[in-house]
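Next come the chains, spelled out residue by residue.
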Amino acid sequence: MTRAISKEKFMAQKIWLDGKLVDQQDAKITVFDHGLLYGDGVFEGIRIYSGRIFELEAHIKRLYESAKAIRLTISISQSELTGAVEETVKANGISDGYVRLVVTRGVGTLGLNPFICKNSCIFVIADSIQLYPEELYEKGMRVISATTVRNHPLAIPPQAKSLNYLNNILAKIEALDNDVPEAVIYNHEGYVAEASGDNVLIVKDGVIYTPPAEAGALPGITQRVVIKLAREESLQVIEKNLTRFDLYVCDEFFLTGTAAEVIGIVEIDGRVIGDGKPGPITSLLRNKFFQYAHGKEK
Ligand code: PMP
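Cut-offs and rules
Residues numbered from 1 in each chain as written. Predicted model: local features only at pLDDT ≥ 70, side-chain atom pairs only at ≥ 80, totals over all residues. Heavy atoms only, no water. Buried < 20%, exposed > 50% of the residue type's maximum accessible area, 1.4 Å probe, protein only. Helix = DSSP H or I, 4+ residues; strand = E, 2+ residues; numbered from the N terminus. Pairing = 2+ DSSP bridges. Near = heavy atom within 4 Å. Polar contact = N/O pair within 3.5 Å; in protein donor to acceptor, adjacent residues only side chain to side chain. Areas by Shrake-Rupley, 256 points an atom, 1.4 Å probe, with all protein chains shown as cover. Domains from an automatic or database assignment. Contact = heavy atoms within 4.5 Å. Buried area = accessible area lost by both parts, 1.4 Å probe. Salt bridge = Lys/Arg side-chain N within 4 Å of Asp/Glu carboxyl O. Axes fitted to C-alpha atoms, helices over the stretch in contact; angles between N-to-C directions. Parallel < 35°, antiparallel > 145°, perpendicular 65-115°, else oblique. Left-handed = near helix turned anticlockwise from the far one by under 90°. Nonpolar A, V, L, I, M, F, W, Y, C, P; charged D, E, K, R; others polar. Patch = residues over 30% accessible without salt bridge, like charges linked within 9 Å, V, L, I, M, F, W, Y side chains within 5 Å. Expected span 1.5 Å × (residues − 1). Arc of directions from axis to C-beta.

(A) Representation of the pairing of strand S5 (residues 97-104) within the structure. Along S5, seven of the eight residues are buried, which leaves the element largely enclosed by surrounding structure. Across eight bridges, the pairing between strand S3 (residues 41-49) and S5 is antiparallel. By the bridge assignment, Gly41 is partnered in S5 with Thr104.

As structure tokens, this is what we get:
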């Protein structure tokens, strides 16, 4: 997601920070914020498609659930935070883009104690986004299996979208070291959990399979929408544990996520998937997702 931001844009961009819209250069957070000191916080990434904030309610709900899981009290209500996201998108005049919504534990001391932090710190960034080039969607993406194991569910619940993404970052580094953009992460039992920033879905004999959240996946909002769209097309979708072997021998393989949307995988660990191109069900769902998100044909 590397982009050059012009100086004018940098100055003009408005960030919502703790109740106020401020210029980007004034959107500053103290070094005593526990989000920075300990990765203590939660976040969401949300798309804006054709002027509409996509699945905002679901993202807000997941954020508050992530916060609850780590005993973080968000100092404003869900409707106030929804308003803050809408206000930020409007203030930046973005009709197609991406929102990053972050809640940290707030300002504390150098000790771990989170309850010393009196107020959570909340900020909202609305920006443009281009995760992968269009060509990658047409040709499909290569991935590897990460050796880094997904966080054990009794350590950090993978269902909570916490600010501590080192588990995912270590898998991403493995991918980049192997000249591919993404890596599949397996859980402590060897079952597929998810990719470093996306959910995993495969097709075998016309049926779609995806790992359950209990396998160590974030319950993806894009994944849920894509499953709904697949069922509307009378496709069968089954949540079940998947092994590395299942990925090696599937007919189609794709990832879903807010940033990546729906992207076909054509190779994993040197094994070519199907005929080496994104498969027909992947392409169908990618198109359906576009229509659903934008409210129009591509
Ligand atoms: N898994 C992880 C680890 C993620 O960070 C994300 C979001 N980028 C997803 C899955 C996909 O979730 P969603 O479709 O809600 O963006």
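Anyway, onward from the coordinates.
(B) Main features of the site of the ligand. Around the ligand, the surrounding shell holds 16 residues, and the nearest of these are Arg62, Tyr165, Glu194, Thr222 and Thr258. Within the side chain of Thr258, one N or O atom sits 2.5 Å away from an oxygen atom of the ligand. Isolated, the ligand exposes 390 Å² of accessible area, and the fraction of that covered by the protein chains is 93%. Elements supplying a minimum of two residues to the shell around the ligand: helix H7 (221-232) and strand S13 (252-257).

(C) Spatial organisation of the domain arrangement of the protein chain. Each assigned domain of the protein chain is listed with its residue range as follows: domain 1 (2-127) and domain 2 (134-294). Distance between the C-alpha centres of domain 1 and domain 2: 26 Å. Residue-level contacts link 26 residues of domain 1 with 20 residues of domain 2. Of the roughly 1800 Å² buried between domain 1 and domain 2, counting both surfaces, carbon and sulfur atoms make up 61%. Three residues, Phe43, Tyr49 and Arg62, lead the burial of domain 1 against domain 2; their summed loss comes to 32% of the area buried on that side. The tally of links from domain 1 across to domain 2 stands at two salt bridges. Close ionic contact of Arg47 with Glu261 constitutes a salt bridge, the shortest N to O distance being 3.4 Å. Linking domain 1 to domain 2 there are twelve residue pairs in polar contact (both at pLDDT 80 or more). The set of elements that each furnish at least two residues to the side of domain 1 that touches domain 2 consists of helix H2 (34-38), S3, helix H3 (56-69) and S5.

(D) Structural detail: the packing of H3 against helix H4 (residues 78-91). At a closest axis distance of 10 Å, the pairing of H3 and H4 adopts a crossing angle of 125°. Between H3 and H4, the crossing angle belongs to the class labelled oblique. For the crossing formed where H3 meets H4, the hand is right-handed. Together, Leu56, Ile60, Lys61, Leu63 and Tyr64 of H3 and Gln78, Leu81, Thr82, Val85 and Glu86 of H4 make up the contact between the two elements. Per-class residue counts for the contact of H3 with H4 are six nonpolar, two polar and two charged.

(E) Summary view of a nonpolar patch on the surface. A cluster of nonpolar side chains, Val31, Phe32, Leu36, Leu37, Tyr38, Val107, Leu110 and Leu112, forms an exposed patch at the surface whose accessible area comes to about 770 Å². In this structure, Leu36 sits in helix H2. Under the relative-accessibility criterion, Leu36 is labelled exposed at 58%.

(F) Representation of helix H6 (residues 166-177). Taking 1.5 Å of rise per residue, twelve residues should cover 16 Å, and H6 covers 16 Å from first to last C-alpha, within 8% of that figure. Buried residues of H6: Asn167, Asn168, Ala171, Glu174 and Ala175, and no others. Along H6, the residues classed as buried sweep out an arc of 115° about the axis, all on the same side. What points out from H6, more than 90 degrees from its buried face, is the exposed set Leu166 and Asp177.

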